[in-house]
Amino acid sequence: MAEVKVGLQDVVVATSGICSIDGARGKLTYVGYDIGDLAAKSSFEEVVYLLWNGRLPKLAELQELRKELAANRGISPEIVDLLKRLPPPQHPMETLRTTVSALSLYDPEAEDMTEEANRRKALRLTAQMGTLVAAFGRLREGKEPIAPDPKLNHASNFLYMLQGKVPGQAEARWFDVALVLHADHSYNASTFAARVAASTLSDMHSAVTAAIGTLKGPLHGGANEQVMKMLLEIQTTDKVEPWVHQLLAQKKKVMGFGHRVYHTEDPRATVLRKMSEDLGRRTGQPKWFEMSKKIEDLMIREKKINANVDFYSASAYYVLGIPVDLFPLVFAVSRISGWTAHILEQYASNKLIRPLAEYVGPTDQKYVPIEQR
Ligand code: COA
């Protein structure tokens, strides 16, 4: 029997020039640039350029990309109409999955597989993801969507379209940092799903739709929402300890902890911890950070398991006023940049992704006609 690597754990399936993770040292780089440096010094737009082009932009190139992203943020009236007519979802990720898929029906280049057309689609999808999420967030509250403001950067514009007011400087900068941190993460499950779809030479919208469906799961992009639900249920810092002990005694997982690749602290959590603390203080809601910190200390002490990207982003997004069930969608607002970079890379040197499975079912069965079963 061939060796089976369950969950493809530790299996290297391809080469990629986009993102590297050193799980032992807790190091993450985009095209060789350390994530801590990018979080401190860069912007989402600059990271998008880096992921798509494999190098940092010159000033004029960055300005051009900013302009193009801003110019492509608008969604068509047909898509707004679709958002209005779709039934309320059981989870907002259903609506995002459906509307992103629907975007292809209105994209004249949907089936154009030239590199130029694919790059333009990557731009449109990245520009429009936030608009879709914000429009959905407002429509379900009975409010009209807010048109994007081309003067705002991607991060500020998203919060503006969602909340109807331009965020303060600190809030806008921290949200930009969060977008930088979530932009890519190598062959994570949703990116892998996107690449599998792209490897059949299916179109970009199909590959992104596959990625959104994959991100939706609570073991991936759904974890940040589950973290906040847990904090809201615990409610007070003094209840943290018995709560965590009970979960662990029941052999349940504490959401926002553990990682397939990192065996030490996730470097994104290092930055998001600061974001959660700072925004908690600024918004007069330090409690969520304090509770989170206590949970983290307990998890390290009792289980030696570190927080991942979804742990502190939960409390940070909450105090930014983002509705809890939109957290996984906010993940997609950023990760669309990485997905599209990977899809472009897949198309550029494609090989159909088609692994094997070791068959363990019954063998040599004799077919019995249906009336004799
Ligand atoms: N809480 C409690 N225990 C955890 C845990 C968590 N969040 N994550 C892992 N563990 C424990 C498991 O119970 C298991 O213990 P065991 O060996 O005694 O059975 C061990 O650590 C290995 O976990 P496993 O789920 O097999 O590892 P994995 O590599 O398959 O899973 C995750 C990685 C991310 C799916 C897993 O850590 C998890 O489910 N985390 C919570 C969801 C989450 O935050 N996802 C976002 C990831 S960025």
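Shown above is the structure to which this text applies.
Small disclaimer: the values here were computed from a predicted structure and weren't measured.

**Q** So what's going on with the packing of helix H15 (residues 309-319) against helix H16 (residues 327-348)? Which residues, and what values?
**A** Where H15 meets H16, the axes come as close as 11 Å, and the angle between the chain directions of the two elements is 105°. Relative to H16, the element H15 is oriented roughly perpendicular. Across the interface between the two elements, Asp310, Ala314, Tyr317 and Tyr318 of H15 pack against Phe327, Val330 and Phe331 of H16. Looking at the contact of H15 with H16, its residues break down into 6 nonpolar, no polar and 1 charged.

**Q** Lay out the packing of aromatic side chains with the relevant residues and their values.
**A** For the structure on display, the rule yields 8 aromatic pairs. A centroid spacing of 5.6 Å and a plane angle of 20° characterise the contact between phenylalanine 158 and phenylalanine 175, whose relative ring orientation is stacked. Pair noted here: phenylalanine 158 is in helix H7 (residues 154-163) and phenylalanine 175 is in helix H8 (residues 169-182), with a separation of 17 residues, a long-range link. The same class applies to phenylalanine 158 as to phenylalanine 175, namely buried. When the ring of phenylalanine 257 is compared with that of phenylalanine 311, the centres are 4.5 Å apart and the planes differ by 50°; the resulting orientation is tilted. Of this pair, phenylalanine 257 sits in the loop between helix H12 (240-249) and helix H13 (267-282) while phenylalanine 311 is found in helix H15, placing the two residues 54 residues apart along the sequence. Each of the two residues, phenylalanine 257 as well as phenylalanine 311, counts as buried. Ring pairing ties together the aromatic residues Phe158, Phe175, Tyr317 and Phe327, which thus form one cluster.

**Q** Break down the sheet that holds strand S3 (residues 33-34) for me, with residues and values.
**A** Strand order in the open sheet formed by 3 strands is S1-S2-S3, and the pairing between neighbours is antiparallel. With partners counted over all chains shown, the strands left at the sheet margins are strand S1 (19-22) and S3, one partner each.

**Q** Residue-level account of the site of the ligand, with values.
**A** Residues in contact with the ligand amount to 17 residues; listed here are only the nearest, Lys253, Val254, Gly256, Phe257 and Arg260. A distance of 2.8 Å separates an oxygen atom of the ligand from a polar atom in the backbone of glycine 256. Arginine 260 is positioned with one of its side-chain polar atoms (N or O) 2.8 Å from an oxygen atom of the ligand. Bound to the protein, the ligand loses 64% of the 860 Å² it would expose on its own. Considered class by class, the residues forming the shell around the ligand number 7 nonpolar, 5 polar and 5 charged.

**Q** Tell me about the nonpolar core, residues and numbers included.
**A** For soluble globular proteins, the rule of thumb is that nonpolar side chains tend to be buried together. Counting 105 residues, the largest nonpolar core has Tyr30, Leu96, Phe175, Val208, Ile295 and Ile322 as its most contacted members. With 12 residues, the single largest contributor to this core is H16. Two domains each donate at least three residues to this core, and these are domain 1 (16-217 + 325-348) and domain 2 (223-319). Apart from residues lying up to four places away in sequence, phenylalanine 175 is in contact with Ala155, Phe158, Leu159, Met275, Tyr317, Leu320, Ile322 and Val330.

The rules we used
- Each residue is numbered by its place in its chain's sequence as written, counting from 1.
- The predicted nature of this model means local features are confined to residues of pLDDT at least 70 and side-chain atom pairs, given and counted, to a pLDDT of 80 or more, with totals for whole chains, interfaces and linings taken over all residues.
- Heavy atoms throughout the structure, all of them, feed into the side-chain values; hydrogens and water do not.
- Lines fitted to the C-alpha atoms define the axes, with helices restricted to the stretch that makes contact. Angles between their N-to-C directions range from 0 to 180 degrees.
- Put simply, DSSP marks the helices as runs of H or I at least four residues long and the strands as runs of E at least two long, and each gets a number from the N terminus on.
- To sort the angles, those under 35 degrees are grouped as roughly parallel, those over 145 as roughly antiparallel, those from 65 to 115 as roughly perpendicular, and the leftovers as oblique.
- Contacts are assigned to residue pairs with any non-hydrogen atoms lying within 4.5 Å of each other.
- Lys, Arg, Asp and Glu make up the charged group, whereas Ala, Val, Leu, Ile, Met, Phe, Trp, Tyr, Cys and Pro make up the nonpolar group; the residues left over, Gly among them, are polar.
- Side-chain rings of Phe, Tyr and Trp (the six-membered ring for Trp) are treated as a pair once their centres are within 6.5 Å; stacked means planes under 30 degrees apart, edge-to-face means over 60, and tilted covers the remaining angles.
- The classification of residues rests on relative accessible area computed with a 1.4 Å probe and restricted to protein chains. Under 20% of the type maximum is buried, over 50% is exposed, and intermediate values are partly exposed.
- Strands qualify as paired when DSSP identifies two bridges or more between them.
- Throughout, near means a residue has at least one heavy atom within 4 Å of the molecule or strand.
- Pairs of N or O atoms within 3.5 Å make up the polar contacts considered here, provided that, within protein, one atom can donate a hydrogen while the other can accept it, and that residues adjacent in sequence are counted only when both atoms are side-chain atoms.
- We get accessible surface area from the Shrake-Rupley algorithm with a probe of 1.4 Å; when it comes to residues, only the shown protein chains can shield them.
- To form a nonpolar core, buried Ala, Val, Leu, Ile, Met, Phe, Trp, Tyr and Cys residues must be joined to one another through side-chain atoms within 4.5 Å.
- Residue ranges assigned to each domain were obtained from an automatic or database domain assignment.

That's the geometry; what it means functionally is another story.
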